[in-house]
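Working through the structure, step by step
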Amino acid sequence: MQRKLLGVIDATTYHDDLEELLTHRSLAALPFAGRYRIIDFVLSNMVNSGIQSVAIFPKMMYRSLMDHLGSGKNWDLNRKRDGLFFFPTPVVDSDINKIGSFENFAANLDFFYRSSQEYSLITNCYTVFNMDFAPLLEWHMHSGCDITEIFHENGTPMKMYLVKTSLLVKLIETRNETGYTCMKDVVLDSEHFYSICRYEYSGYAEMINSIQNYFSTSLNLLNSDVWKQLFIKEHPILTKVKDEPPTRYLKGSTVQNAMIANGCLINGSVENSIISRGVKIGKGAVIKNCIIMQKCVIEDNCYLDSVILDKDVKVEAGTILTGTARDPYVVRKGTKQGALMKS
Amino acid sequence: MGKKKCVAMLLAGGKGSRLNSLTKDLAKPAVPFGGKYRIIDFPLSNCANSGIDTVGVLTQYQPLLLNSYIGIGSAWDLDRKDGGVTVLPPYAETSEVKWYTGTASAIYQNLNYLKQYQPEYVLILSGDHIYKMNYESMLEYHIEKRADVTISLIEVPWAEASRFGIMNTNEDLRITEFEEKPAEPKNNLASMGIYIFSWNILKDYLEMDARNSKSSHDFGKDIIPTLLDENKKLYAYPFKGYWKDVGTVKSLWEANMDLLNDECDLDLFDHDWRIYSVNPNQPPQYISPEAIVKESLINEGCTIEGEIDNSVLFQGVSVGKGSIIKESVIMPDAVIGENVKIEKAIVPSDAVIPDGTVIRSFDDEIILVTEEMLSGIYPAFK
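The structure reproduced in this document is the subject of the present report.

Another aspect to go through is the overall build of chain B. The secondary structure content of chain B amounts to 9 helices and 30 strands. In terms of overall size, chain B behaves like a compact globule, its C-alpha atoms giving a radius of gyration of 22 Å where 382 residues would be expected to give roughly 21 Å. Referenced to the eigenvectors of the C-alpha coordinate spread, the extents of chain B come out at roughly 65 × 50 × 45 Å. Within chain B, buried positions represent 57% of all 382 residues. Of the contacts made within chain B by residues no fewer than 6 positions apart, 58% connect residues no fewer than 24 positions apart. Element-wise, carbon and sulfur atoms account for 46% of the exposed surface of chain B, whose accessible area totals about 16100 Å².

Before going further, it helps to spend a moment on helix α5 (residues 135-144) of chain B. Residues and elements named next belong to chain B. Residues of α5 that are buried include every one of Tyr135, Met138, Leu139, Tyr141 and His142, and no others. Seen from one end, α5 has its buried residues packed into an arc of 160 degrees, which puts them on one side. Exposed residues lying more than 90 degrees from the buried face of α5 are Glu140 and Glu144. The opening residue of α5 is asparagine 134, an N-cap whose side-chain oxygen sits 2.9 Å from the backbone nitrogen of glutamate 136. Where α5 ends, the next residue or the one after it, arginine 146, has phi of about 50 degrees, a positive value.

Here the focus is the sheet that holds strand β1 (residues 5-11) of chain A. All names here are of chain A. Spatially, 7 strands are ordered β5-β4-β1-β6-β9-β8-β10 in an open sheet, and the strand pairing comes out mixed. Two strands close off the open sheet at either side, each with one partner strand: β5 (83-86) and β10 (196-201). Pairwise comparison of adjacent strand axes, ignoring direction, gives a mean angle of 20 degrees for this sheet. Note that strand β6 (residues 119-124) and strand β9 (residues 157-164) share 4 bridges and pair antiparallel.

Disulfide: a covalent bond formed between the sulfur atoms of two cysteine residues. All names here are of chain A. Enumeration according to the criterion identifies 1 disulfide over all chains in this entry. Between the sulfur of cysteine 145 and that of cysteine 197 lies a disulfide, 1.7 Å long from S to S. Its S-S torsion of approximately -75 degrees makes the covalent link between cysteine 145 and cysteine 197 left-handed. Residue cysteine 145 is located in the loop between α5 (134-143) and β8 (147-152), and its partner cysteine 197 is located in strand β10; the two are separated by 52 residues in the primary sequence. Overall, the relative accessible area of 11% leaves cysteine 145 in the buried class. Take cysteine 197: its relative accessible area is 16%, and that puts it in the buried class. Of the cysteine sulfurs around cysteine 290, a residue in no disulfide, the closest is that of cysteine 296, at 10 Å. Taking the relative accessible area as the measure of exposure, cysteine 290 reaches 0% and is therefore buried.

What counts and how
Residues numbered from 1 in each chain as written. Chains lettered and ligands numbered in written order. Predicted model: local features only at pLDDT ≥ 70, side-chain atom pairs only at ≥ 80, totals over all residues. Heavy atoms only, no water. Helix = DSSP H or I, 4+ residues; strand = E, 2+ residues; numbered from the N terminus. Rg over C-alpha atoms; globule rule 2.2 N^0.38 Å. Buried < 20%, exposed > 50% of the residue type's maximum accessible area, 1.4 Å probe, protein only. Contact = heavy atoms within 4.5 Å. Areas by Shrake-Rupley, 256 points an atom, 1.4 Å probe, with all protein chains shown as cover. Arc of directions from axis to C-beta. Polar contact = N/O pair within 3.5 Å; in protein donor to acceptor, adjacent residues only side chain to side chain. Pairing = 2+ DSSP bridges. Axes fitted to C-alpha atoms, helices over the stretch in contact; angles between N-to-C directions. Disulfide = S-S within 2.5 Å.

Given below as structure tokens:
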């Protein structure tokens, strides 16, 4: 597998509907499930499937993504040969929602020339899933197809494509003559002689493209049928490790139906929520149906229902913040919420 | 090799026999502690936080897990081009295999490791204690006192003083007398087993001790008394803070319970002095709708469906519905079934506790759950 398949993650996507959470970061670096970034899912799947060479194409505001990925060590991708490659795109004005833009790839065509892997898997960066790509490759090799597109069982295209690296290179090189700008253009066109196949994936998968869907997908993780499909011991979702102590539950705290990362100090009450690393929750505070990101501080006697707190938010004592399941109240990164600024 | 001002030597060969089955296949420094750590994380993190980047770890008893845990030291940021962590097991010479027979002989046999760094000072540590300490401050004190040897000491309860090496000092904290485990201690200042030696003194006295066939080759019993006899400058470095020898099942349990106490000085949440460890990379802990969690310390990868009360749970532990875990320590990846009751116990790594099991002490003893116990030698527990 490691010599056969190259991983290519398109991390250039931006969704307007997620704007409030993307002012400081790219979509790929969006925190998810208490301790992960969205890109961890596809990247870990690649590594768990035996892929040893992964190219990531980010665009704009990739500081937090680079900080997160580092040398690739946490994914065992700090290799002498192959490993993790990072190609910030110099293309400024291309359509940012195209997965696998050939214009982006063209700027780093040398990388594709140099890669020895016979096949390339091109994916988006925002799908929450735990998928083994080895059976897909096996299937593709036996099918004789030129391009295989992955579909979710309900018929939704997952914006992931498997193709021979040589064909990918040809598509990039001839982009001006053919007019194909990305993989989607190729699979939707019937005028060429390439055989296009569909591979159906029946496991759990959610593509994050709006605040509402980010919120519901996150809280759905509390359903044990869902998290058991996502967090599998043999195929772990890897992420940047932090040296946080275990979470401490103090006197008077009550916690029910929650997913809680390390390094938290919990004095108050938490229900039906996702709490990220290093969060402090004060005495008498009530957190219901919330997503609380890293290092937030919620002081005593606050009441939060259906709220997303981005990283490093401080909520002052006695503050009440409420949203709804369809329209959660979002607090931007690094801000302070006072008791007098009720929503 | 570059010259190093101070090199640490960490004695990690201890068998820890009073920890019974916990150390059957495991050296004491590798015993799990505090919901995510192993004992050795404390001295290694102290080194990293004190700016000591060259650490020799001397292993002997059951080294497999310890060696693979330490690896190249990256968890403690001790994977360095120059220095870093080196695991130093006993080795064979042309005529014989030289086992480490005492703390001093272990260092003596690795003098060549030390010589390559031409250190000015050598810090001797043990891998048996839970504490946070700035070794750099101790080194500054050693230099300021122009000492030959500095020994860190801590006040212990009088009743326990005879379990320790006890030091008597003059007003300037110069050590006048050192008694290893005295029956009738003259004071309650105990050695923490942490020494800083000036290099020449260490080298000369270790070489001298190695030639002495009557010596037991131990720092406390042989080297320190000899240095005192010869009127060398030995100073005491008083340490204030949390320090605990976790050498018995009871003290290991107590030290874990200390972490649930607000009065406890050992702050694991202090970002300025982090305790590093090898991170298991598991998903966040899941607390189910039926679960109750009271005053506990719980690590990632746990799945809680029962009641957890005043307990410490390591990574990957699952607790089934209707189970109650009270005042207990549950080590990594243990699987607790449904309707289990566990009170005042230590459950070792990977243990599987069947549904309906009751583990409870009838006196105040702390129970260390063992395979024999679970396989039905004590059916009364079920």
